[in-house]
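This is what each chain is made of:
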Amino acid sequence: MEDRLHAREAQTQGAIRLAPFFEGLPATIVEKAIAHVVVRSHPANQVILLENDWGSSVYFILSGWVKIRTYNLDGKEVTLNILGKGELFGEMAPLDEVPRSTDVITLAATMVGNMPAQDFVQLLHTEPMAGIRLAQLMARRLRQLNRRLRLRESDSTSRVADILLFLADGQGKQGQQGLEIPNLPHRELSSLSGLARETVTRVLSKLEKKALIVRDRDSLSIPDVVALEKLLV
């Protein structure tokens with residue numbers, strides 16, 4: 001039993017070391033940074049962070065999916081982002097020393113590595129490449145958000161296509177039928193796109209009939225990304 005626990009710990013520590021954020025950083029720096037990381041498993045639909053919580057940890061996703069959400073002035077839920085394996089979240093509150101600004105909820109069974117906030121901040125202070133890596137992450141997310149905002153006045157097909165491309169850009173993996181992303185519930189795509197769920201369902205069916213997407217139970221594949229991008233107006 002003890003051997004299995006040690007083996008699992010070694011496996012999860014290895015997964016953290018392979019997180020894109022640490023790529024290219026000196027091994028000694030990475031080992032020190034992850035020394036106090038605690039790995040936790042969460043079932044689907046579990047809240048990991050709540051808005052206005054204080055930022056005591058930064059989180060690395062080792063497996064699974066989470067959504068970042070907030071609420072508009074009318075009290076309607078708004079999904080800001082979907083993050084998967086290799087991504088991190090909760091990095092802003094420790095830097096600003098202010099409470100969290102969003103909720104984070106699992107969409108599937110998810111394993112997360114919790115790094116103490118002070119270790120993350122210390123890493124940024126001691127390793128310039130870590131600061132550059134964080135800046136690149138923030139720039140990519142801002143670029144994605146700007147693109148989505150520009151398309152808010154576009155037609156429904158453009159907006160759904162853009163959300164699929166947005167997810168593919170962040171979490172797409174090459175599969176047998178093209179670039180593969182999770183087949184999210186239509187309510188999540190609705191919240192991301194700002195469209196009614198019925199509209200999202202209708203557009204997805206249209207895209208599937210045109211062979212621009214291929215869906216099964218757990219995944220959605222984009223056979224030709226360029227063809228889907230041509231729908232953006």
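Residues numbered from 1 in each chain as written. Predicted model: local features only at pLDDT ≥ 70, side-chain atom pairs only at ≥ 80, totals over all residues. Heavy atoms only, no water.

- In the nomenclature of an unreviewed UniProt entry, the protein is known as Catabolite gene activator protein of Neosynechococcus sphagnicola sy1.

1. Here's the deal with the overall build of the protein
And then number 1: Check the secondary structure of the protein and you find 9 helices and 12 strands.
And then number 2: Its C-alpha atoms give the protein a radius of gyration of 19 Å, near enough to 17 Å, the size a compact globule of 233 residues would have.
And then number 3: Along the three orthogonal principal directions, the C-alpha set of the protein runs to about 50 × 40 × 30 Å.
And then number 4: Looking at the protein residue by residue over its 233 residues, the buried ones come to 45%.
And then number 5: Accessible surface computed for the protein: about 12,600 Å², of which carbon and sulfur atoms make up 53%.
And then number 6: Both charge centroids of the protein, one from 29 positive and one from 28 negative side chains, sit 5 Å from each other. (Helix = DSSP H or I, 4+ residues; strand = E, 2+ residues; numbered from the N terminus. Rg over C-alpha atoms; globule rule 2.2 N^0.38 Å. Buried < 20%, exposed > 50% of the residue type's maximum accessible area, 1.4 Å probe, protein only. Areas by Shrake-Rupley, 256 points an atom, 1.4 Å probe, with all protein chains shown as cover. Lys, Arg positive; Asp, Glu negative; His and termini not counted. Charge placed at Lys NZ, Arg CZ, Asp CG, Glu CD.)

2. Observations concerning the packing of helix α7 (residues 186-193) against helix α8 (residues 197-209)
And then number 1: With their axes 8 Å apart at the nearest point, α7 and α8 run at an angle of 105° to one another. Classified by the angle their axes make, α7 and α8 are roughly perpendicular. Note on element contacts: α8 touches α7 through R197, V200, T201 and L204, opposite H186, R187, L189, S190 and S193.
And then number 2: Broken down by class, the residue content of the contact of α7 with α8 amounts to 3 nonpolar, 4 polar and 2 charged. (Axes fitted to C-alpha atoms, helices over the stretch in contact; angles between N-to-C directions. Parallel < 35°, antiparallel > 145°, perpendicular 65-115°, else oblique. Contact = heavy atoms within 4.5 Å. Nonpolar A, V, L, I, M, F, W, Y, C, P; charged D, E, K, R; others polar.)

3. A closer look at a nonpolar patch on the surface
And then number 1: There is a patch of nonpolar side chains on the surface, built from L142, L145 and L149 and spanning about 280 Å² of accessible area.
And then number 2: Positionally, L149 belongs in helix α5 (residues 128-150).
And then number 3: A relative accessible area of 52% means that L149 is categorised as exposed. (Patch = residues over 30% accessible without salt bridge, like charges linked within 9 Å, V, L, I, M, F, W, Y side chains within 5 Å. Salt bridge = Lys/Arg side-chain N within 4 Å of Asp/Glu carboxyl O.)

4. Concerning α5
And then number 1: For α5, built from 23 residues, the straight-helix expectation of 33 Å at 1.5 Å per residue is met to within 8% by its first-to-last C-alpha distance of 33 Å.
And then number 2: Listing the buried residues of α5 in full gives A130, R133, L134, L137, R140, R141, Q144 and R148.
And then number 3: On its buried face, α5 is in contact with β5 (77-84), β6 (88-89), α3 (92-96), α4 (117-126), α6 (156-171) and α7. (Expected span 1.5 Å × (residues − 1).)

5. Observations regarding the UniProt feature "domain: HTH crp-type" (unreviewed entry) in the protein
And then number 1: Mapped onto this structure's residue numbering, the UniProt feature "domain: HTH crp-type" (unreviewed entry) falls at residues 154-226.
And then number 2: Helix makes up 53% of residues 154-226 and strand 19%. Its end C-alpha atoms lie 18 Å apart. (UniProt positions renumbered as here; feature names shortened; annotations may be inferred.)

6. Here we look at the sheet that holds strand β10 (residues 178-182)
And then number 1: Strand order in the open sheet formed by 4 strands is β9-β10-β12-β11, with antiparallel pairing between adjacent strands. Pairing within the sheet leaves two strands with one partner each, and these edge strands are β9 (173-175) and β11 (214-215). (Pairing = 2+ DSSP bridges.)

7. Section: the nonpolar core
And then number 1: With 23 residues, the main nonpolar core has V160, L164, L167, L204, L207 and L228 as its most contacted residues.
And then number 2: Looking at this core, the elements that each hand over two or more residues are α6, α7, α8 and β12 (219-222).
And then number 3: For this core, the element with the highest residue contribution is α6, accounting for 8 residues.
And then number 4: The residues contacting L228, other than those within four sequence positions of it, are A161, L164, L165, L207, L212 and I222. (Core = buried A, V, L, I, M, F, W, Y, C linked by side-chain atoms within 4.5 Å.)

8. Some points on the packing of aromatic side chains
And then number 1: Inspection of the entire model under this criterion finds 5 aromatic pairs.
And then number 2: When the ring of F21 is compared with that of F22, the centres are 5.6 Å apart and the planes differ by 85°; the resulting orientation is edge-to-face.
And then number 3: Of the residues examined, F22 reaches a relative accessible area of 2% and is grouped as buried.
And then number 4: A centroid spacing of 5.0 Å and a plane angle of 5° characterise the contact between Y59 and F89, whose relative ring orientation is stacked. With a gap of 30 residues between them, Y59 in strand β3 (residues 57-63) and F89 in strand β6 connect regions that are remote in the sequence. (Phe/Tyr/Trp six-rings, centres within 6.5 Å; stacked < 30°, edge-to-face > 60°.)

9. Let's talk about the domain arrangement of the protein
Buried accessible area, meaning the area lost when the parts come together, often serves as the stated size of an interface.
And then number 1: When the domains of the protein are assigned, the result is domain 1 (1-150) and domain 2 (154-230).
And then number 2: Computed over C-alpha atoms only, the centres of domain 1 and domain 2 are separated by 25 Å.
And then number 3: Counting residues at the interface gives 18 residues for domain 1, matched by 14 residues for domain 2.
And then number 4: Between domain 1 and domain 2, a total of about 1,400 Å² is buried, with carbon and sulfur atoms accounting for 50% of that surface.
And then number 5: Inspection of the region where domain 1 meets domain 2 yields 1 salt bridge.
And then number 6: The shortest N-O distance in the salt bridge between E188 and K67 comes to 3.1 Å.
And then number 7: Connecting domain 1 to domain 2 are 3 residue pairs in polar contact (both at pLDDT 80 or more).
And then number 8: For the side of domain 1 that touches domain 2, the element with the highest residue contribution is β5, accounting for 8 residues.
And then number 9: Tallied by class, residues from the side of domain 1 that touches domain 2 come to 6 nonpolar, 4 polar and 8 charged. (Domains from an automatic or database assignment. Buried area = accessible area lost by both parts, 1.4 Å probe. Polar contact = N/O pair within 3.5 Å; in protein donor to acceptor, adjacent residues only side chain to side chain.)

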